[in-house]
Amino acid sequence: MSRVWNFSAGPAAIPTAVLERAQRELLDWNGSGASVMELSHRGKRFIGLAEQAEADLRELLKIPADYAVLFLQGGATQHFAQIPLNLAGEGDSADYIVNGHWGEKAASEAASYVRVNVAASSRNEQYLRLPPRASWQLDPRAAYVHYTPNETIHGVEYHDVPEVGEVPLVADMSSNILAEPLDVSRFGLIYAGAQKNIGPSGLVVMIIRRDLLQRAARPMAKIFRYAEHAANDSMLNTPNTWGWYLAGLTFQWLKEQGGLEAMAHRNRDKAGLLYQAIDGSGGYYRNPIDPAARSRMNVPFTLHDSALDADFLKESEAAGLLALKGHKALGGMRASLYNAVPLEAVQVLVQFMRDFAARHG
Ligand code: PMP
């Protein structure tokens with residue numbers, strides 16, 4: 001068996017140990033004589049799994065008791081629309097900070113259900129830097145403030161949680177949840193598509209302050225209402241049981257690795273190594289992002305001559321380095337360094353980049 005070094009932006013690498021365990025348990029999970037995928041979500045065994053996954057996530061992120069944890073579907077994109085439905089009343093406005101592609105999309109989807117006020121944007125700077133907190137034009141009457149702490153495509157990341165006063169802070173953490181310890185109490189709502197730092201796609205993890213569950217005043221079907229999902233332990237309808245299972249295994253793996261402090265340390269080392277290789281290449285490789293705003297999870301970079309891109313991709317793939325092609329909006333390359341990507345993968349990448357530069361000087 002040969003596993004590549006996987007730098008995919010998402011669906012992304014899953015820890016090999018998690019996949020191996022899932023493989024061992026595939027045909028006979030937990031003594032049931034059936035796969036976890038073949039069992040009722042209402043059965044005692046699956047409910048035990050669901051409770052354990054939530055308990056492990058609560059332990060990892062030190063989630064306070066006045067927050068509900070939901071395991072939902074629809075991808076982060078569906079929640080771009082569902083969040084305003086749940087948190088804003090008819091005629092309300094909400095503040096959006098737009099610091100990359102996904103924040104832009106979140107604001108545009110929300111506009112069907114809430115008056116969107118773009119309180120800050122770095123679009124005119126091609127998202128190469130972050131709008132500093134001091135520049136945000138927040139409205140104290142806003143239903144909430146939405147931002148994207150890590151922009152997966154543009155490779156920019158807020159390294160501190162912004163202070164927004166009494167208005168609930170809503171964060172799309174699809175590409176940086178669990179990358180480091182987090183003070184959950186600073187947020188009203190955190191949500192993340194699973195396919196980067198949690199598990200497979202088709203699952204969304206949401207952490208929501210319980211008082212916000214009571215807000216959804218306008219008429220809507222139950223299936224859209226977070227309070228209903230919370231009241232039914234995320235089993236209002238059939239959940240993504242397989243995704244939930246793999247998320248649970250990933251949470252256990254994170255605990256075995258030393259928890260989020262250990263991950264933060266490792267993630268800093270990984271990103272540091274790659275940025276150093278880029279910055280130290282004498283201009284052969286470039287990352288144009290303001291160094292203070294550089295993402296630890298997603299590192300876009302270009303070659304000094306884009307005519308070399310095709311060779312870089314072909315040779316990197318041959319060297320066992322997968323998915324380095326950049327997003328089409330930016331071109332060039334991108335390496336995603338989520339929790340499941342080990343330091344060794346980055347060491348191999350950096351060595352490949354040096355060798356490539358020497359070969360194609
Ligand atoms: N937000 C962020 C930050 C993302 O990176 C992505 C996916 N790349 C999305 C939202 C959209 O997620 P989904 O495809 O699960 O709807």
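Predicted model only: the values in this text are computed from it and were never measured.

How each quantity is defined
Residues numbered from 1 in each chain as written. Predicted model: local features only at pLDDT ≥ 70, side-chain atom pairs only at ≥ 80, totals over all residues. UniProt positions renumbered as here; feature names shortened; annotations may be inferred. Helix = DSSP H or I, 4+ residues; strand = E, 2+ residues; numbered from the N terminus. Buried ≥ 20, exposed ≤ 12 C-beta atoms within 10 Å, placed from the backbone. Contact = placed C-beta atoms within 7 Å. Near = placed C-beta within 6 Å. Nonpolar A, V, L, I, M, F, W, Y, C, P; charged D, E, K, R; others polar. pLDDT = per-residue confidence, 0-100. Core = buried A, V, L, I, M, F, W, Y, C linked by C-beta atoms within 7 Å. Domains from an automatic or database assignment. Pairing = 2+ DSSP bridges. Arc of directions from axis to C-beta. Axes fitted to C-alpha atoms, helices over the stretch in contact; angles between N-to-C directions. Parallel < 35°, antiparallel > 145°, perpendicular 65-115°, else oblique. Left-handed = near helix turned anticlockwise from the far one by under 90°.

Q: Kindly report on the UniProt feature "modified residue: N6-(pyridoxal phosphate)lysine" (unreviewed entry) in the protein chain, identifying the contributing residues and their values.
A: UniProt records the feature "modified residue: N6-(pyridoxal phosphate)lysine" (unreviewed entry) for K196 in the present numbering. Counting through the fold element by element, K196 comes out in the loop between β9 (189-193) and β10 (204-209). With 30 C-beta atoms packed within 10 Å, K196 lands in the buried category. If near-sequence neighbours (up to four positions away) are discounted, K196 is found in contact with G10, A12, S174, S175 and Y338.

Q: Lay out the site of the ligand with the relevant residues and their values.
A: By nearness alone, every residue bordering the ligand is listed as G10, G75, A76, T77, W102, T148, T152, D172, S174, S175 and G193. For the shell around the ligand, the leading source of residues is helix α3 (residues 75-87), giving 3 residues. Within the shell around the ligand, the residues separate by chemical class into 2 nonpolar, 8 polar and 1 charged.

Q: Run through the confidence of the model for the protein chain, naming residues and quoting values.
A: For the protein chain, mean pLDDT is 97; residues scoring 70 or higher make up 100% of the total. Predicted complex, confidence summary: ipTM 0.99, pTM 0.98.

Q: Which residues make up the nonpolar core, and what values do they have?
A: By size, the foremost hydrophobic cluster in this structure holds 103 residues, and its most contacted members are A110, A192 and I208. Mapping this core onto the domain boundaries places at least three of its residues in each of domain 1 (17-256) and domain 2 (259-359). When neighbours within four sequence positions are excluded, A192 is seen to be in contact with A76, M173, S174, I177, I198, V204 and V205. Y127, V156, Y158 and I289 belong to the second-largest nonpolar core, a separate cluster that totals 6 residues.

Q: Requested: an account of the sheet that holds strand β12 (residues 298-303), with residues and values cited.
A: Backbone hydrogen bonds are what pair the strands of a sheet, in a parallel or an antiparallel way. The strand order across the open sheet formed by 3 strands is β11-β12-β14, and the pairing between neighbours is antiparallel. The sheet terminates laterally at β11 (285-286) and β14 (333-336), the two strands that pair on one side only. Relative to β14, β12 runs antiparallel, the two being bridged by 4 bridges. Pairing of N298 across the sheet is with S336, part of β14.

Q: Go over helix α4 (residues 101-110) with me, naming the residues and quoting the values.
A: Residues of α4 that are buried: W102, G103, A106, A107 and A110. Angular distribution of buried residues about the axis of α4 spans 140 degrees; they occupy a single face of the element. Of the surrounding secondary structure, the elements contacted by the buried residues of α4 are α3, β3 (93-98), β4 (115-121), β5 (145-147), β6 (150-151) and β8 (169-172).

Q: Which residues make up the packing of helix α7 (residues 259-279) against helix α9 (residues 343-359), and what are the values?
A: Orientation of α7 relative to α9, taken along the N-to-C sense of each, is 0 degrees, at an axis distance of 10 Å. When the axis of α7 is compared with that of α9, the two are roughly parallel. For the pair α7 and α9, the contacting residues are R266, D269, K270, L273, L274 and A277 in the first and L343, V346, Q347, L349, V350 and M353 in the second. Split into classes, the residues belonging to the contact of α7 with α9 amount to 8 nonpolar, 1 polar and 3 charged.

Q: I'd love a proper account of the packing of helix α1 (residues 16-24) against helix α6 (residues 241-256), names of residues and values included.
A: Two numbers describe how α1 lies on α6: the axes approach to 9 Å, and their chain directions differ by 130 degrees. Considering the angle they form, α1 stands oblique to α6. Along this stretch, α1 crosses α6, giving a crossing that reads as right-handed. For the pair α1 and α6, the contacting residues are A17, V18, R21 and A22 in the first and L246, L249, T250 and W253 in the second.

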